[in-house]
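# Summary of the model geometry
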Amino acid sequence: MTYAHWLQDFETEAERRGQREDPPWERGAKLHPDVAKSVQRFQVGEAGDGANLIAKAAGDDTYLAAVKLFVAEEQNHARMLAGLLAAAGVPTIASHWSDTVFVKLRRALGLRLELMVLLIAEVVALRYYRALRDGTGDPLLTQVAARILADEERHVPFHCHRLEIAFRELGKPARAAVFGAWRVLLLGVAITVAADHGQALHRLGVGRLVFVADVLTAFEAALARIRGEQPKPGPRYTPKRARPRGLF
């Protein structure tokens, strides 16, 4: 795909989103306190204005336009998560240390580093929102998580496309070294998220080790895209428990 294809993809999604009704907030939601606390933290992470990324994307008008629409989708995720929390009678929070660390890392250097850190967050989000979608019987939570997950599944290849271009200039030894360090950072983030959200993941039927393993599998698929290879389907864990633990 080219940037023009990605821009068309984002424009099509924006039009579809504009025509689709919001989830039925008035029905309310029942979230276990552990899950609610976890959603609060992810809501903060989705709520950035994306100004730094947009500034770094300048130089290619088509890519810049696609990035702006990507940021709009992320902001819509924050809006929907806030709506979900409100429906459950839970307030949003102003900040969380994990989001502060991610923002500082992303802003440290240029566009390539920002996208590398952002891709880690997107890969983690893939597994997290899948757990939210599949792990409870609350209809509103399931619907919100499914909508966000569908967007994240498009965001990962979008960023991989840009990074594939960005890494072409590096020789294989240098690229291997960067990818090795990247894996270490990803592992550290996955372990941190699994620990920080462990109680919520447990309620959603996903163990910490399973969460980390699934994130690593998704990341390797992303690296394959960046190397210009076809991602290989990884193993997918299916919980033995038919139902999640207590919802309220």
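The preceding data block contains the structure.
These remarks concern the structure in this document.

This part covers the overall build of the protein. Within the protein, the regular secondary structure consists of ten helices and zero strands. In the protein, the order of α-helices and β-strands from amino to carboxyl end is α-α-α-α-α-α-α-α-α-α. For the protein, with 248 residues in total, the buried portion stands at 46%. Partitioning the intrachain contacts of the protein with sequence separation of at least 6 by distance along the chain shows that 81% fall at a separation of at least 24. Counting every atom, the protein has about 12,300 Å² of accessible surface; 56% of that belongs to carbon and sulfur.

For side chains bearing opposite charge, pairing can occur when the charged atoms are close. According to the stated counting rule, one finds 16 salt bridges in the structure shown. Of the charged contacts in the structure, one is a salt bridge between Asp 151 and Arg 154, with a shortest N-O distance of 3.1 Å. Remark: Arg 154 and Asp 151 occur in helix H7 (residues 139–166); sequence separation between them is three residues, near one turn of the helix. Across the pair, Arg 154 and Asp 151 agree in class, each one buried. Between Arg 227 and Glu 229 there is a salt bridge; the shortest N-O distance is 3.3 Å. The exposure class of Arg 227 is partly exposed, given its relative accessible area of 29%. A relative accessible area of 41% means that Glu 229 is categorised as partly exposed. Put simply, Asp 9, Arg 17, Glu 73, Asp 151 and Arg 154 are held in one network by salt bridges that share partners.

Tracing the chain through its elements places Ala 65 in helix H4 (residues 61–87). When its relative accessible area of 27% is taken as the criterion, Ala 65 is described as partly exposed. It is 9.3 Å that separates the C-alpha atoms of Ala 65 and Tyr 3, two residues lying 62 residues apart in sequence.

Here the distance between the centres and the angle between the planes together describe a pair of aromatic rings. Using the criterion set out here, one finds twelve aromatic pairs in the structure. Three or more aromatic residues joined by ring pairs make a cluster, and in this case those are Tyr 3, Trp 6, Phe 10, Tyr 63, Phe 70 and Phe 158. One cation-aromatic arrangement involves Arg 112 over Phe 167; the distance from NZ or CZ to the ring centre is 5.2 Å. Over the aromatic face of Phe 10 sits the side chain of Arg 154, whose NZ or CZ is 5.1 Å from the ring centroid.

A few words now on the side chain of Glu 164. Within the element layout of this structure, Glu 164 appears in helix H7. Overall, the relative accessible area of 18% leaves Glu 164 in the buried class.

With that settled, the discussion passes to helix H10 (residues 208–226). An α-helical turn contains 3.6 residues, so any two residues separated by three or four positions project in the same direction. Taking 1.5 Å per residue as the helical rise, H10 with its 19 residues ought to reach 27 Å, and the 27 Å between its terminal C-alpha atoms agrees with that figure. The inward-facing, buried residues of H10 contact helix H6 (111–135), H7, helix H8 (172–196) and helix H9 (198–203). In the segment just after H10, Gly 228 is the residue with positive phi, at about 85 degrees.

As a further point, take the environment of Met 1. Within the secondary structure, Met 1 is located in the segment before helix H1 (3–19). Here Met 1 falls in the exposed class, since its relative accessible area comes to 58%. Setting aside its immediate chain neighbours within four residues, Met 1 contacts Trp 6 and His 161.

Conventions we followed
Residues numbered from 1 in each chain as written. Predicted model: local features only at pLDDT ≥ 70, side-chain atom pairs only at ≥ 80, totals over all residues. Heavy atoms only, no water. Helix = DSSP H or I, 4+ residues; strand = E, 2+ residues; numbered from the N terminus. Buried < 20%, exposed > 50% of the residue type's maximum accessible area, 1.4 Å probe, protein only. Contact = heavy atoms within 4.5 Å. Areas by Shrake-Rupley, 256 points an atom, 1.4 Å probe, with all protein chains shown as cover. Salt bridge = Lys/Arg side-chain N within 4 Å of Asp/Glu carboxyl O. Phe/Tyr/Trp six-rings, centres within 6.5 Å; stacked < 30°, edge-to-face > 60°. Lys NZ or Arg CZ within 6 Å of the ring centre and 35° of its normal. Expected span 1.5 Å × (residues − 1).

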